[in-house]
Amino acid sequence: MTQNPVLSINDLSIEFPVYKGAVKALNGVSLHVNEGEIVGVVGESGSGKSVTSMMAMKLLPEGSYRVTQGDISILGTDIIHASEKTMRTLRGGDVAMIFQEPMTALNPTRKIGIQMTDVIRLHRRLDNDAARQLAISLLKDMHIADPESTLQRYPFELSGGMRQRVLIALAFSCNPRLIIADEPTTALDVTVQKQVLMLLKAKARELKTAILFITHDMAVVSQFCDRVYVMYAGSLVEAGSTRQVLHAPRHPYTRGLMAALPELATPGSQLQAIPGNVPDLSRLPAGCAFASRCPSRSDKCNQKPVLTSIHEATTHQVACWHPALQEELAV
Amino acid sequence: MNAMTEQTLPTAPDIQPAAASGLGYFFYKVKKSPLTVAGLFIILFMLAMMLFAPWLATHDPNAIDLMYRLLPPSAEHWFGTDEVGRDIYSRIIFGSRQSISVGLFVVAVSGVIGALIGCFSGVVGGRTDRVIMRLMDVMLSVPSLVLTMALAAALGASLFNAMLAIAVVRIPYYVRLARGQALGIREMGYVKAARTFGASRWHIVSWHVIRNALPPLIVQATLDIGGTILMAAALGFIGLGAQQPTAEWGAMVATGRNYVLDQWWYSGFPGLAILITATGFNLFGDGIRDILDPKQKGK
């Protein structure tokens, strides 16, 4: 499985220094994305998914964070110690990013065409005409009708779905090896969401581009990802193929998430919720972070569980002292 | 012919929505505000005066004729003559070149430099930002007229030095304004996105920040032109601006002061010219502010 990781994060811990202490945003996160693979990272707000993606691109403001342990490498480049110059050639070249706000991710005072050719020419030695042709073909791939006139428009003339497709086209403009997509469809309505995701996936498969897909939407993960990591309070709690994790969740948190999906609820019944709140990241318990909300906690949970394979012949890993058994599974 | 037209049909510009931008929209908004139109007309009038001065003037502005000194306005000398018999009307016409170009030059120089420093400072942040902003605060802490006078005096009395002095003193206002804008724009999605595409700092400043920080800067600049003309006139009045025999409105008002009780036209007409020009630029500046301020739209 570990052939050619495009992105690999090893035992990474990051904290943000605050008054008297630090917010421990990531606690020993290890994940990897192989070539051409689509990997999802799920978790609720504040679980560290966005910090992971920002850190992979080294986009967190300099000096605001502290890496306490671990390392990140993209295509063999050590990100944590990379210079800003190295990062600039990497960003937009080998690694691109798609954001969750398509409304603000384009400069409102520039036409789409200029913005696209500008990015293309930043990384590729192309003249204006060639860059324009490339932009047109990229937009065509994103099923934008009449790409030539779209290039002449300002961002406010496009709908949210179109803007996000323009941004995806931009992300693919330099044939990246990895795209980090941070909740790219959250701001779109459901029908557009599906269309955008399918276009993204098709293009990624075609170019063998790997995608690190950050989301909180389980339904999207099930359709979109090959593998999935579940995060809680800055740690990974479960990892495995989408099938393994979504159809046979072992960690009580994942099970709670699945049970809380409104799609699976019986109409008319109350929606399920996980009791309690996410722990304060500046005062994390010594043991399992989920223990206070967990239905099957015991004294053992005062020690921190490690992500381990549930049995030898599987990639399905869980960080829990009391993983649910296969037979108990409701979903 | 028919096939030709079909082939060369453009991508139907008529189905594109009318953009709320561009010159057409600008003039549409200007037309709705009579005061802005008045300001615009005054500015155009003054610019025409600058350009066509040799044709508009009735006399050589520097021709001395001691036989005709201090004459009241008449058909021969529309605005009268000064103490050495020069035609005041012609001097005002030629003086517009000095006064208005001071205004435009100062605003262009201080606006461009101030905007660049301010946007850079805001985007870079940290220690660089703090050093730049404290320097600007030091400059702002001295009353601007005093600082301008000191600078102009140190550089030596000439019109160009006066312009330089005014420009330097105006820079901090633009820096503060541009930095404030840059701080907001820095957090916008497109700046973040530009960084993920590997854009350099300079690229972000020149491509994204300055463009979007422009509206308030334009307003400030337009409003400043009037103020700058007054400032140049003030410097001319105390002898630090244009030197004799160059015609300059401020200097004319200053010399005319000696005769103001008996020969009112000597100070009066150049003073009126300053008043009208400054009013014109201020009216236009106010109008532009209303147009560019999105909160005012639809009012």
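This report concerns the structure included in the present document. Everything numeric in this text was worked out from a predicted model, so none of it was measured. (Residues numbered from 1 in each chain as written. Chains lettered and ligands numbered in written order. Predicted model: local features only at pLDDT ≥ 70, side-chain atom pairs only at ≥ 80, totals over all residues. Heavy atoms only, no water.)

Points about the nonpolar core
Inference 1: L7, L31, M116, L178, I211, L212 and F224 of chain A are the most contacted members of the largest nonpolar core, which has 103 residues in total.
Inference 2: Those residues in contact with L178 of chain A, other than ones at most four positions away along the chain, are V6, L7, V33, D94, V95, A96, T209, A210, I211 and L212 of chain A.
Inference 3: In terms of nonpolar packing, the next biggest core, distinct from the first, is built from 44 residues, M50, I93, I229 and A233 of chain B among them. (Core = buried A, V, L, I, M, F, W, Y, C linked by side-chain atoms within 4.5 Å. Buried < 20%, exposed > 50% of the residue type's maximum accessible area, 1.4 Å probe, protein only. Contact = heavy atoms within 4.5 Å.)

Remarks on the pairing of strand β2 (residues 21-34) of chain A
Residue and element names in this part refer to chain A.
Inference 1: Here strand β1 (residues 5-18) pairs with β2 via 10 bridges, running antiparallel. By the bridge assignment for β2, L12 is matched with V29.
Inference 2: Between β1 and β2, which pair antiparallel in sequence order, lie 2 residues; one of them, K20, sits at a positive phi of approximately 55°. (Pairing = 2+ DSSP bridges. Helix = DSSP H or I, 4+ residues; strand = E, 2+ residues; numbered from the N terminus.)

Here's the deal with the packing of aromatic side chains
All names here are of chain B.
Inference 1: All told, the structure shown has 13 aromatic pairs over all chains when counted by the stated rule.
Inference 2: Taking the centre distance of 4.0 Å and the plane angle of 5° together, the rings of F79 and F269 count as stacked. Of this pair, F79 sits in the loop between α4 (53-56) and α5 (88-124) while F269 sits in helix α12 (residues 264-292), placing them 190 residues apart in sequence.
Inference 3: Taking the relative accessible area as the measure of exposure, F269 reaches 16% and is therefore buried.
Inference 4: For the ring pair W264 and W265, a centre distance of 5.8 Å and an interplane angle of 85° mean the geometry is edge-to-face. (Phe/Tyr/Trp six-rings, centres within 6.5 Å; stacked < 30°, edge-to-face > 60°.)

Digging into the packing of helix α3 (residues 112-123) of chain A against helix α6 (residues 160-171) of chain A
Working note: a packed helix pair is described by the angle between its axes plus the distance between those axes.
Residues and elements named next belong to chain A.
Inference 1: With their axes 10 Å apart at the nearest point, α3 and α6 run at an angle of 20° to one another. With respect to each other, α3 and α6 are oriented roughly parallel. The hand of the α3/α6 crossing is right-handed. Counted together, I112, Q115, M116 and V119 of α3 and V166, A169 and L170 of α6 form the full contact between these two elements.
Inference 2: Classifying every residue of the contact of α3 with α6 gives 6 nonpolar, 1 polar and no charged. (Axes fitted to C-alpha atoms, helices over the stretch in contact; angles between N-to-C directions. Parallel < 35°, antiparallel > 145°, perpendicular 65-115°, else oblique. Left-handed = near helix turned anticlockwise from the far one by under 90°. Nonpolar A, V, L, I, M, F, W, Y, C, P; charged D, E, K, R; others polar.)

Observations regarding the interface of chain B and chain A
How big an interface is tends to be expressed through the accessible area that disappears when the partners come together.
Inference 1: Of the residues lining the interface, 22 residues belong to chain B; the matching set on chain A comes to 31 residues.
Inference 2: Contact between chain B and chain A buries roughly 2400 Å² in total, counting both sides, with carbon and sulfur atoms accounting for 58%.
Inference 3: Of all residues in chain B, the largest losses of buried area upon contact with chain A belong to T196, F197 and W207 of chain B, amounting jointly to 31% of the total for that side.
Inference 4: On the surface where chain B and chain A come into contact, there are 0 salt bridges.
Inference 5: Between chain B and chain A we count 7 residue pairs in polar contact (both at pLDDT 80 or more) in total.
Inference 6: Those elements that provide at least two residues to the side of chain B that touches chain A are α9 (189-196) and α10 (201-237) of chain B. (Buried area = accessible area lost by both parts, 1.4 Å probe. Salt bridge = Lys/Arg side-chain N within 4 Å of Asp/Glu carboxyl O. Polar contact = N/O pair within 3.5 Å; in protein donor to acceptor, adjacent residues only side chain to side chain.)

Describing the sheet that holds strand β5 (residues 77-78) of chain A
Adjacent strands of a sheet pair through backbone hydrogen bonds, lying either parallel or antiparallel.
Residues and elements named next belong to chain A.
Inference 1: Reading across the sheet, the 4 strands line up as β2-β1-β4-β5 and stay open at both edges, with antiparallel pairing between neighbours. Among the strands making up the open sheet, the edge pair consists of β2 and β5.
Inference 2: Alignment of strand β4 (residues 66-74) against β5, held across 2 bridges, turns out to be antiparallel. Paired with S73 across the two strands is D78, which belongs to β5.

Thoughts on the environment of F120 of chain B
Residue and element names in this part refer to chain B.
Inference 1: Within the fold, F120 resides in helix α5.
Inference 2: On a C-alpha basis, the gap between F120 and T36 in space is 33 Å, while along the polypeptide they are 84 residues apart.
Inference 3: When near neighbours in sequence (up to four residues on either side) are disregarded, F120 contacts T128 and V205.

Digging into the sheet that holds strand β3 (residues 38-42) of chain A
Residue and element names in this part refer to chain A.
Inference 1: Pairing is mixed across the open sheet formed by 8 strands, whose spatial order is β6-β7-β8-β3-β9-β10-β12-β11. Both outer strands of the open sheet, β6 (95-98) and β11 (308-309), are each paired with one neighbouring strand and no more.
Inference 2: The pairing of strand β9 (residues 227-232) with strand β10 (residues 235-241) spans 6 bridges and is antiparallel. From the neighbouring strand, Y229 faces β10, where its bridge partner is A239.

What to know about the packing of helix α6 (residues 126-141) of chain B against helix α8 (residues 159-186) of chain B
Residue and element names in this part refer to chain B.
Inference 1: With their axes 9 Å apart at the nearest point, α6 and α8 run at an angle of 135° to one another. Classified by the angle between their axes, α6 and α8 sit oblique to one another. For the pair α6 and α8, the crossing hand works out as left-handed. Between α6, through D129, I132, M133, M136, D137, M139 and L140, and α8, the contact on the second element is made entirely by V168, V169, P172, Y173, V175, R176 and R179.
Inference 2: Classifying every residue of the contact of α6 with α8 by side-chain character gives 10 nonpolar, no polar and 4 charged.

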